[in-house]
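Analysis of the macromolecular model
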Amino acid sequence: MSGKILIVEDEPKLAELLADYLRQSGFEVLLVDDGLTAVPAIHEHKPDLVLLDLMLPGKDGMEICKEVRRFSSVPIIMVTARVEEIDRLLGLEFGADDYICKPYSPREVVARVKAVLRRGGAAAESNHGLVLDEARYRAALHGVDLDLTAVEFKLLAILFASPGRIFSRDQLMDRIYPDERIVSERTIDSHIKKLRKKLSLAASDEELIHSVYGVGYKYELPER
């Protein structure tokens, strides 16, 4: 297995130890030691997975995770020594894919990294012809360019990153409009309607975005 792993960790010895184990397993490793440079590093290097410490100088891991989820579905494994945060991480309410508690075995971390990447790879192989290019805000279904607006692309990326998960309109508004501008639920409904129309033009016999009455929306692959 190979890929690019970004380690966001402010303990240099721990970061280097973990980097050595990951390199021995065939991964390319990048290191960041504070919270303020984590998001710019993800933009610049586009890692395949992020190992993100919870307690960081400048900005904590949960804030970074929420910020990253506004523009990317890159797998994130949270790392924490704070036992009181475990319940929140168990729910993965901040968009993380997994979590690891300190102290940990580097071998365990490598195994978790491989497991999360395998899950992501399986999802990518079974995405039924939908391809998202987050760097260019472009999406295609079965090779047909969907010609999405920035908001439509963000909506699709959020839903696509968590197949089967139901997102409420409020959750989608929080992610799409992080500046807390005043928008109504009808705004989300309108964007979803336009997004569905563009998806149907590329594949009229498939429904990828489903409404859950009284709750919200989810992305789900059609049954074969």
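Bear in mind that the values here come from a model prediction, so they are computed numbers and not experimental data.

As summarised here, the arrangement of the three strands in space is β6-β7-β8, forming an open sheet in which the pairing is antiparallel. Here the strands that pair on one side only, and so sit at the sheet edges, are β6 (130-133) and β8 (144-145). By the bridge criterion, two bridges tie strand β7 (residues 138-141) to β8 in an arrangement that is antiparallel. Opposite L141, over in β8, you have V144 as the bridge partner. Contacting β6 and β7, helix α6 (residues 150-161) crosses the sheet at an angle of about 120° to β6.

Before going further, it helps to examine the packing of α6 against helix α8 (residues 185-202). A pair of packed helices is characterised by two quantities: the angle between their axes and the separation of those axes. The interhelical angle for the contact between α6 and α8, taken along N-to-C directions, is 85°, at an axis separation of 10 Å. Relative to α8, the element α6 is oriented roughly perpendicular. Listed contacts from α8 to V151, E152, L155, L156 and L159 of α6 are I188, H191, I192, K194, L195 and K198. Class assignment for the residues of the contact of α6 with α8 results in seven nonpolar, one polar and three charged.

By size, the foremost hydrophobic cluster in this structure holds 28 residues, and its most contacted members are L146 and L156. Every element with two or more residues in this core is listed here: β6, β7, α6, α7 (169-176), α8 and β11 (216-219). Among the elements that take part in this core, α6 stands out by supplying seven residues, more than any other. Dropping the residues within four chain positions of it, L156 is found in contact with L130, L132, A139, L146, L148, L195 and I209. One finds L6, I42, L52 and M62 within the second-largest nonpolar core, a separate group that totals 22 residues.

Here six bridges tie strand β1 (residues 3-8) to strand β2 (residues 27-32), and the two strands are oriented parallel to one another. The residue bridging I5 from the neighbouring strand is V29, located in β2. Since β1 and β2 lie parallel, the crossover through helix α1 (residues 12-24) that links them has a hand, and here it is right-handed.

Contact pair α6 / α7: the axes reach a minimum separation of 10 Å and the direction vectors enclose 120°. It follows from the interaxial angle that α6 and α7 lie oblique. For the element pair α6 and α7, the recorded crossing hand is right-handed. Contacts between α6 and α7 involve V151, K154, L155, I158 and L159 on the former and, on the latter, L172, R175 and I176.

The parallel open sheet is built from five strands, whose spatial order is β2-β1-β3-β4-β5. The open sheet has two free edges, formed respectively by β2 and β5 (98-101), since each of these has just one partner strand. With strand direction ignored, the average angle separating the axes of adjacent strands in the sheet is 20°. Two strands pair when backbone bridges link them, and strand β4 (residues 76-80) and β5 are joined in this way by four bridges, in the parallel orientation. Looking at the pairing, M78 lines up with Y99 of β5. Along the sheet, α1 contacts β1, β2 and β3 (49-53); its crossing angle with β2, the most-contacted strand, is approximately 165°.

Parameters at a glance
Residues numbered from 1 in each chain as written. Predicted model: local features only at pLDDT ≥ 70, side-chain atom pairs only at ≥ 80, totals over all residues. Heavy atoms only, no water. Pairing = 2+ DSSP bridges. Helix = DSSP H or I, 4+ residues; strand = E, 2+ residues; numbered from the N terminus. Contact = heavy atoms within 4.5 Å. Axes fitted to C-alpha atoms, helices over the stretch in contact; angles between N-to-C directions. Parallel < 35°, antiparallel > 145°, perpendicular 65-115°, else oblique. Nonpolar A, V, L, I, M, F, W, Y, C, P; charged D, E, K, R; others polar. Core = buried A, V, L, I, M, F, W, Y, C linked by side-chain atoms within 4.5 Å. Buried < 20%, exposed > 50% of the residue type's maximum accessible area, 1.4 Å probe, protein only. Right-handed = clockwise from strand over helix to strand, strands pointing away. Left-handed = near helix turned anticlockwise from the far one by under 90°.

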